[in-house]
2 protein chains.
Amino acid sequence: MKIEPRLSRGLRDLLPQAAMARRQLIGKVRAVYENYGFSPLETPAVEYLDILSGSAGEEAQQSIFRVVNPEEEALGLRFDLTVPLSRVVSRYAQIELPFRRYQLAQVWRADKPQPGRFRQFTQFDIDSVGAPSEIADTEILAVICDALDAVEAGPYKVKFSSRKILDLLLRYAGIGEDLAADVFRVLDKLDKLGLEKVKKELTAGYEDESGAPVRGLGLASAQVSKIEDFLSITGDTRGEVLKTLGGEFRDVAGSGEQLAAVESISSHLDTLGYRSDRVMLDLGIARGLAYYTGPVFEAVLLDAPQFGSVFGGGRYDDLVSRFGGPPVPATGASLGVDRLLAALEHLGKVSQRKTTAQVFVSTMDRALMSEYLQIAFELRRAGIRTEINVGRPKKLGKQLQRADRLEIPYVLIMGADEAARGMVTVKEMEVGRARSSGIAGHEQWKAARFGQQEIPRAALVETLQRLLERPAA
Amino acid sequence: MKIEPRLSRGLRDLLPQAAMARRQLIGKVRAVYENYGFSPLETPAVEYLDILSGSAGEEAQQSIFRVVNPEEEALGLRFDLTVPLSRVVSRYAQIELPFRRYQLAQVWRADKPQPGRFRQFTQFDIDSVGAPSEIADTEILAVICDALDAVEAGPYKVKFSSRKILDLLLRYAGIGEDLAADVFRVLDKLDKLGLEKVKKELTAGYEDESGAPVRGLGLASAQVSKIEDFLSITGDTRGEVLKTLGGEFRDVAGSGEQLAAVESISSHLDTLGYRSDRVMLDLGIARGLAYYTGPVFEAVLLDAPQFGSVFGGGRYDDLVSRFGGPPVPATGASLGVDRLLAALEHLGKVSQRKTTAQVFVSTMDRALMSEYLQIAFELRRAGIRTEINVGRPKKLGKQLQRADRLEIPYVLIMGADEAARGMVTVKEMEVGRARSSGIAGHEQWKAARFGQQEIPRAALVETLQRLLERPAA
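Residues numbered from 1 in each chain as written. Chains lettered and ligands numbered in written order. Predicted model: local features only at pLDDT ≥ 70, side-chain atom pairs only at ≥ 80, totals over all residues.

Before we go on, may I ask you to explain the sheet that holds strand E4 (residues 75–77) of chain A in this structure?
Strand pairing in a sheet relies on backbone hydrogen bonds, with the paired strands running either antiparallel or parallel. Here six strands make up an open sheet; going across it, the order is E2(A)-E4(A)-E3(A)-E3(B)-E4(B)-E2(B) and the pairing antiparallel. Here the strands that pair on one side only, and so sit at the sheet edges, are strand E2 (46–48) of chain A together with strand E2 (46–48) of chain B. The sheet shows a mean angle of 40° between the axes of neighbouring strands, direction not considered. One ladder, built from three bridges, connects E2(B) with strand E4 (residues 75–77) of chain B; its direction is antiparallel. By the bridge assignment, Tyr48(B) is partnered in E4(B) with Leu75(B). (Pairing = 2+ DSSP bridges. Helix = DSSP H or I, 4+ residues; strand = E, 2+ residues; numbered from the N terminus. Axes fitted to C-alpha atoms, helices over the stretch in contact; angles between N-to-C directions.)

Is there a simple way to explain the relation of the copies chain B and chain A in this structure?
The second copy of the chain is related to the first by a rotation about an axis and a shift along the axis. Rotating chain B by 180° and translating it 0.0 Å along the rotation axis places it on chain A, where the RMSD comes to 0.0 Å. Here the copies are linked by what is in effect a two-fold axis. Rotation axis and chain B: the residue whose C-alpha lies nearest the axis is Val67(B), separated from it by 2.3 Å. Counting the interface residues of chain B, we find that 100% of their copies in chain A are interface residues as well, pointing to one common contact surface. (Least-squares fit on C-alpha atoms with pLDDT ≥ 70 in both. Contact = placed C-beta atoms within 7 Å.)

Would you explain the interface of chain B and chain A in this entry?
Quoted interface sizes are often the accessible area lost when the parts come together. On the side of chain A, 85 residues touch chain B, which itself brings 85 residues to the contact. Ranked by the residues each element gives to the side of chain B that touches chain A, the list is headed by helix H1 (residues 16–35) of chain B, at six residues. The residue inventory of the side of chain B that touches chain A, partitioned by class, reads 40 nonpolar, 22 polar and 23 charged. Bridge count for strand E3 (residues 66–68) of chain A against strand E3 (residues 66–68) of chain B is three bridges, and the pairing is antiparallel. Bridge assignment links Arg66(A) to a residue of E3(B), and that residue is Val68(B). (Nonpolar A, V, L, I, M, F, W, Y, C, P; charged D, E, K, R; others polar.)

Explain the domain arrangement of chain A to me, please; I cannot follow it from the model alone.
Domain annotation for chain A reports domain 1 (16–193 + 230–346) and domain 2 (359–468). Measuring from the centre of the C-alpha atoms in domain 1 of chain A to the corresponding centre in domain 2 of chain A gives 50 Å. (Domains from an automatic or database assignment.)

Below is the structure:
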């Protein structure tokens, strides 16, 4: 009985080229996270449903993949890494606070599949739990910058604001606190929907393209115009924005203290050289999740804004206490690995390597099999990543074709005659490719002898090490 | 409403110390896999149930975690990485055969939880698909050895046999092919249950400790005694075992060809220096899974045999064709990462590092916060993994206690007076610990000034780099 080798919607495989590009990106980001002294944590993919859904908004709850074990417990696949982190901090008394951890893991959300959106995706989170200090928030913003620098993402903007500022806005606009979560959720759509639709959703609502009604929050137009005034505050530097904001909010109770906290982060960033050209105070940032309580963060690549924010995060001082105990102040950010990779790929900044192998040992003559094996293992023991033909015995041409398709830089060729003379032919595939596509000049042709050279077997390791260390042309 | 921060049975968290040890082990094994030119593959955790269960034995089928998406499709969490690999090879026409891939991923089996057995565990697989050559099997055995060497697991035995030899055994003992899968499944329990119980299960069955009946296969005693003869064949070298076996099976049809194939692997291994002291031909190896068709592999650590096989694998030439198309010869092995880690931990061979941080910058004076931040970032930019205090403002003693508990090697201390003089105190925590536990001599005491030295701020990076590069005492 034949089974169709299919995948459920929104799921995908990463073939070696994509998996290698991802590995490379992850390695660079991990080095940054560890540079800040953060340590890894791993949690299971499956959590109790009440733990997951209690922390999720309505939309998130519906998108949880349900899981059933033999005991028929109510379980689900995690949809983020912040909820499991909060559970972990509550669960283990031996955890030393501040708990500075990173976690690289898959998460699952059964959203409506869209081009480029998947139902399993990878998050790479960094958080400081038990960290009330503004230094902790400053660090998260700096980590985001350093990570984007490390992956050479090109120009970017890290935007931040604070839920505390939005709380001041509510008072400023005379909006009751009961509407806070809804207002923030709507403001978070500003980038996606634009000001007009957001204004409609804040007031009477509207019909979307499909004719479905979008419920309005029923704010008065005077309230919305206060919000509009607020959103129109911009400036070339964080300092300018803060100054204008301070003036606008001068009569709002508590504004001095709250703005000072944001000012403190901004000034720490100045001290460390993270200036307004890359970390800006953007009052349009709200973040959709309900659990944020202080600063909120987002990052976009300026050359690939259509991919949305690649980092998102903020401070969430109340999330851990859902599991009992006192509030534990926490702050952090999440890298959307798939989104960043897609953006980098779009920008042509992703490695196109197709295999780890650097050398391919072809096998032409069954009688020489021991020799081929010895050569392959000699190279491996010298740290040269080597593949030996394990396919069906094939003509040399077929084997060269494989090495060419996988872009393995060097192929070794040895027939009975060469073996008897203690020689091996090293074929440089790049040169062959250059030749056949006609871009190599006559001189290169002659010098490289079609990219082949016969060298003594005894000098093989040394020769290949030298060739592989050459900087790429 | 308080939610209990619990986990479903058989699931666990890996706190930083365990997660770091695992990362280290994985890095070493990955380097070996890549040294052989294998490349990474990633597949989703969730697969269609028919794809999973069609390949699973009865026991494995029952242990699949069921998953439900909004479309209410029949899905499950993967229970191994071989089935997804087979699906991938069938699905993508662009995959170049031989497909040499490794995959590091979680798998899930809802077995009855036991001490040290978990329902989510990590496998690290390596396979050559489209690889009929005995060189492919030889490589897998060599990879297993190299990986165990790389993680410094101490002495080990890699055992191999072949389903083809077991097929010969069936003919030799006059057992019908319809019983093959059952006989192999029972023989696989030899290590766990011992010869007597296996003999009973091959014949009339027995009652286990709980009184539950174990069904027997109904073999005749003459047949079982042939099996016993077979199992008693041992030898100091693979060659000796093969020789005795050849004699015993001389009248069995096809034995010459099948034993020659095994002989070929053995002789390749000799060529490469993998001798019988670590790769042995063990006729007791059967492997439980139904899909093996040729050589089968297992590896055990001689100093920790109670942890069972840490590697297992074999050749499975028919698995891919379940998804249509011609048979695709394949061979590979799976590392049980959790089991190997548990064994290494038992042997005291696992890193006990508690954090990635090498330096802790303490904060004593709020007025100096900018200075502390600048120092931390100066160190980070020099590649020194640095944590700065982001906890509640605390006395220095509390901060030192944290650095001590996390075993961060160096703490920096700077008060207003030192800052004014351009100096920073570097405290070596190891010395403090040695002193307080009374194992340091008087001389160490004096020389280290309790492990503290005051150095010019300008020389900080250089000093710490030098200290961190010192070989551990």
